Amino acid sequence: MGDIQMLLEMGFPKEKAEYAMKVTNYKGVEPAMEWLLAHVDEDIPGDVTGNTVGTSDANNAANTGNESGQAETPAAETATSSSAISQAPEAKSLKCEDCGKLCKDQGELEFHAAKTGHKNFSESTEEKKPLTEEEKKRQLALIEEKLKQKRLEREEREKADAMERERNRIKSGKDMTEARKRLEELEMKKLVEQRKKEKAEEKAARERVKAQIEADKARRKLSQQPQIMSPTASQGFQSVTSTTPAEPSIKTPSKEYTQTRIQIRLQDGSTLTETFNVKEQLSAVRVFIQMKTENDEPFGLMTTFPRKVFTAEDYDKPLDILGLVPSAVLIMTKANVA
């Protein structure tokens, strides 16, 4: 009822407003207005007007029947009632006392009250005049302007929603890119730290090997000196040693190693290098080779100088017991090498 009253408020006839709502399946005021604007010069079908006329005829017949069924009144009373009815003015519309607006029927009055909140109404003998052609044109222009404004507002809302969705998509993409970048930076830092650690271990291993070489040189130098001297040379050596201050003795580096550097020569000619704890067993070296080469076939290990082929019992012995400290070179062989 509210949509029909809004169409009536805009100046459309009631029959056309009801028919427009019916044609548009009661989808709202806007589709009905569009239909009315498109069919402004067309008449509604005859079945609709026929139903209206039939309803009025039925109501008139019912009223006539009711009047005929009433008891006859005296002539004087009938004459008085007739003169009273003829003297009473006929109400042609309903008027809003708050704003002075004329309403055609009760439905239009209820719509006006719901829209404005006015409460004071009365019957009026003043008839609500239909709109002139000029007023109809202005009303149609106003309706078209409202429809255009609604379309623009809807397009603006759709555009704003699309822009908001695009901003959210870009933001989520940026967040994912930043998260991926942070992850890559963390991985890069880990790689850098790992390389620094490996370089430090390699440097420490080289220092240990260098110290071992210097110690070996010092031992060989001492072993090459003559053990027996002639008495004269001995006396001369003693006199020289008595007159000159004693030279500091050569300190050999400590032989207590905690790590050893193992180089493994694989069967394909490539090499692997890793630092192990001297207390680790030789089997740890075998596991390391299997992990790096992903080789599940059985193989053996040996040294070339001095040549030694490790047996199954040797794999349970620590590296320092096998003489693989502070460094050693192992050769990967087939399992059947004796």
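Just so you know, the residues in each chain are numbered from 1, in the order the chain's sequence is written. A pLDDT threshold of at least 70 governs which residues receive local features in this predicted model, and a stricter bar of 80 or more applies before side-chain atom pairs are shown or counted, although totals over entire chains, interfaces and linings include all residues. Derived side-chain values reflect all non-hydrogen atoms in the structure, with water molecules and hydrogen atoms excluded from consideration.

- Under an unreviewed UniProt entry, the name given to the protein chain is UBX domain-containing protein 1, and the organism recorded is Glossina fuscipes.
- What UniProt states about the protein chain under its Subcellular location (unreviewed entry) heading is, verbatim, "Cytoplasm". UniProt positions are given in the numbering used here, feature names are shortened, and annotations may be inferred rather than shown by experiment.

Here we look at the packing of helix α1 (residues 2–9) against helix α2 (residues 14–23)
1) Next: The axes used here are C-alpha line fits, helices contributing only the stretch in contact, and every angle between their N-to-C directions lies in the interval 0 to 180 degrees. Only DSSP runs of H or I covering at least 4 residues are called helices, and only runs of E covering at least 2 are called strands; the numbering of each starts at the N terminus. With their axes 9 Å apart at the nearest point, α1 and α2 run at an angle of 135° to one another. With respect to each other, α1 and α2 are oriented oblique. Where α1 crosses over α2, the handedness of that crossing is right-handed. Counting all contacts with α1, which are made through Asp3, Ile4, Leu7 and Leu8, the residues of α2 involved are Lys14, Ala17, Glu18 and Met21. Any angle that is under 35 degrees is reported as roughly parallel, and any over 145 degrees as roughly antiparallel; angles of 65 to 115 degrees are reported as roughly perpendicular and all others as oblique. Throughout, a crossing is termed right-handed when the near helix is turned clockwise from the far one, and left-handed when it is turned anticlockwise from it by less than a right angle. Every residue pair with non-hydrogen atoms within 4.5 Å of one another is taken to be in contact.

Some points on the pattern of salt bridges
1) Next: By definition, a salt bridge exists where a carboxyl oxygen of Asp or Glu is found within 4 Å of a side-chain nitrogen of Lys or Arg. The final tally for this structure, using the stated rule, is eight salt bridges.
2) Next: For lysine 317, the salt bridge is made with aspartate 314, and the minimal N-O distance between the two is 3.5 Å.
3) Next: What you see here is one network of salt bridges that share partners, running through Lys308, Asp314 and Lys317.

Some details on the sheet that holds strand β5 (residues 271–277)
1) Next: Across the sheet, five strands lie side by side as β5-β4-β8-β6-β7; this open sheet has mixed pairing. Every interior strand has two partners, whereas the edge strands, β5 and β7 (307–309), have only one. Strand-to-strand, the axes of this sheet are offset by a mean angle of 30°, without reference to chain direction.
2) Next: Pairing analysis gives three bridges linking strand β6 (residues 299–304) to β7, with the strands arranged antiparallel. Pairing of threonine 304 across the sheet is with arginine 307, part of β7.
3) Next: This element, helix α9 (residues 282–293), spans β4 (259–265), β5, β6 and β8 (327–334) of the sheet and lies at about 140° to β5. Criterion used throughout: strands pair if DSSP finds at least two bridges between them.

Structural notes on the environment of alanine 32
1) Next: By the element assignment, alanine 32 lies in helix α3 (residues 29–38).
2) Next: Along the chain, alanine 32 and lysine 16 lie 16 residues apart, while their C-alpha atoms are 9.6 Å from each other.
3) Next: Leaving out residues up to four positions away in the same chain, alanine 32 has contacts with Leu7, Ala20, Met21 and Thr24.

Observations regarding α9
1) Next: Its 12 residues place the ends of α9 17 Å apart at the C-alpha level, agreeing with the 16 Å of an ideal helix rising 1.5 Å per residue.
2) Next: Burial here depends on accessible area, computed with a 1.4 Å probe over protein chains only, as a share of the maximum for the residue type. Under 20% is buried, over 50% is exposed, and the range in between is partly exposed. Here α9 has its buried residues at Leu282, Val285, Phe288 and Ile289. All buried residues of α9 project into a common sector of 110° when viewed along the axis, lining one side.
3) Next: Its buried side turned inward, α9 meets β4, β5, β6 and β8.
4) Next: Residue glutamate 294 follows α9 closely and has a positive phi angle near 55°. To estimate the expected span of a helix, subtract one from its residue number and multiply by 1.5 Å. By construction, the arc corresponds to the directions joining the helix axis to the C-beta atoms.

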